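# Observations on the model geometry
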Amino acid sequence: HDVHNNTSDTSNPVSGHRLHYGNNLIGIPVLPDNTSVTTVLGSLGANGNGIIGQGLAANNLNGQYVGSLTNIDPSKGYWVNVTTDDMLLIPGNAVDCESITYDLVTGYHLLSYCCNSETDLTQIPASCQAIVGEGVAANYVEGVGWVGSLQGLEPGKGFWLNCSEPVEFQWDCE
């Protein structure tokens, strides 16, 4: 029921991302059945210029995204470039974030935080000592903990995670 006591059918989730001019680092916790870049970024129309993932990219060419990035992976982070401020709306199905296993090697990884609520950085694996988001970052200092402007992980955000050794983990969304 809503505030006027009206009832309606249950609707599918929608992921909303407020984008500013230029590059925006996002994660995508809701996906349609068709995960093609053109479908997922469809609400941006001609305002969407391109998208960059880790080692992959696609540009908007007359409404079709072309390039090496063809489908969106909910475990990955992405840089989305827009010409003007916009709202990216992605209707679909909520990703079962806790079922995603991140199998990381040494080095940097462009990842997504797909849980429905914020969490602090204590979920970051011990072998990963640096995290960089859009305009924020933190480093793990032994005996002190996480230090920096990045205080936590937010739903729908992407980030770079640097690990000093291979690690496998899953998010705890509780």
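If you're wondering where the values come from, they're calculated on a predicted model, not measured in any experiment.

Our next topic: the state of the cysteines. Structurally, a disulfide amounts to a covalent bond that connects the sulfur atoms of two cysteines. Counted under the stated rule, the structure contains 3 disulfides. A sulfur-sulfur separation of 2.1 Å characterises the disulfide bridge that pairs Cys97 with Cys114. One quick way to see it: the torsion about the S-S bond of Cys97 and Cys114 is about 90°, and its sign makes the bridge right-handed. With Cys97 in the loop between strand S9 (93–94) and strand S10 (102–104) and Cys114 in the loop between strand S11 (107–113) and strand S12 (119–120), this residue pair connects regions lying 17 residues apart in the sequence. Taking relative accessible area as the criterion, Cys114 reaches 3% and is therefore assigned buried.

Our next topic: the pairing of strand S14 (residues 136–141). Two elements, strand S13 (residues 128–133) and S14, share 4 bridges in a ladder whose sense is antiparallel. Within S14, the position partnered with Val132 by the bridge is Ala137. A loop of 2 residues connects S13 with S14, the two strands running antiparallel in sequence, and Gly135 in this loop sits at a positive phi of about 80°. Where S14 lies against strand S15 (residues 145–148), 4 bridges are found, and the strand directions are antiparallel. In the sheet register, Ala138 faces S15, and the bridge partner there is Gly148. Taking the residues between adjacent antiparallel strands as the criterion, S14 and S15 are bridged by 3 residues, where Gly143 takes a positive phi near 85°.

With that settled, consider the packing of aromatic side chains. Under the criterion given, the structure shown has 6 aromatic pairs. Ring centres of Tyr102 and Phe169 lie 5.0 Å apart, and the angle between their planes is 15°; this geometry places the pair in the stacked category. On the criterion of sequence distance, the pair formed by Tyr102 in strand S10 and Phe169 in strand S18 (residues 167–169) is long-range, its members being 67 residues apart. Taken individually, Tyr102 and Phe169 each receive the classification buried, so the pair is uniform in this respect. Ring geometry for Phe159 and Trp171: centres 6.2 Å apart, planes at 70°, overall edge-to-face.

Cut-off values and rules
- Residues numbered from 1 in each chain as written.
- Predicted model: local features only at pLDDT ≥ 70, side-chain atom pairs only at ≥ 80, totals over all residues.
- Heavy atoms only, no water.
- Disulfide = S-S within 2.5 Å.
- Helix = DSSP H or I, 4+ residues; strand = E, 2+ residues; numbered from the N terminus.
- Buried < 20%, exposed > 50% of the residue type's maximum accessible area, 1.4 Å probe, protein only.
- Pairing = 2+ DSSP bridges.
- Phe/Tyr/Trp six-rings, centres within 6.5 Å; stacked < 30°, edge-to-face > 60°.

By themselves, these observations are geometric and do not establish any function.
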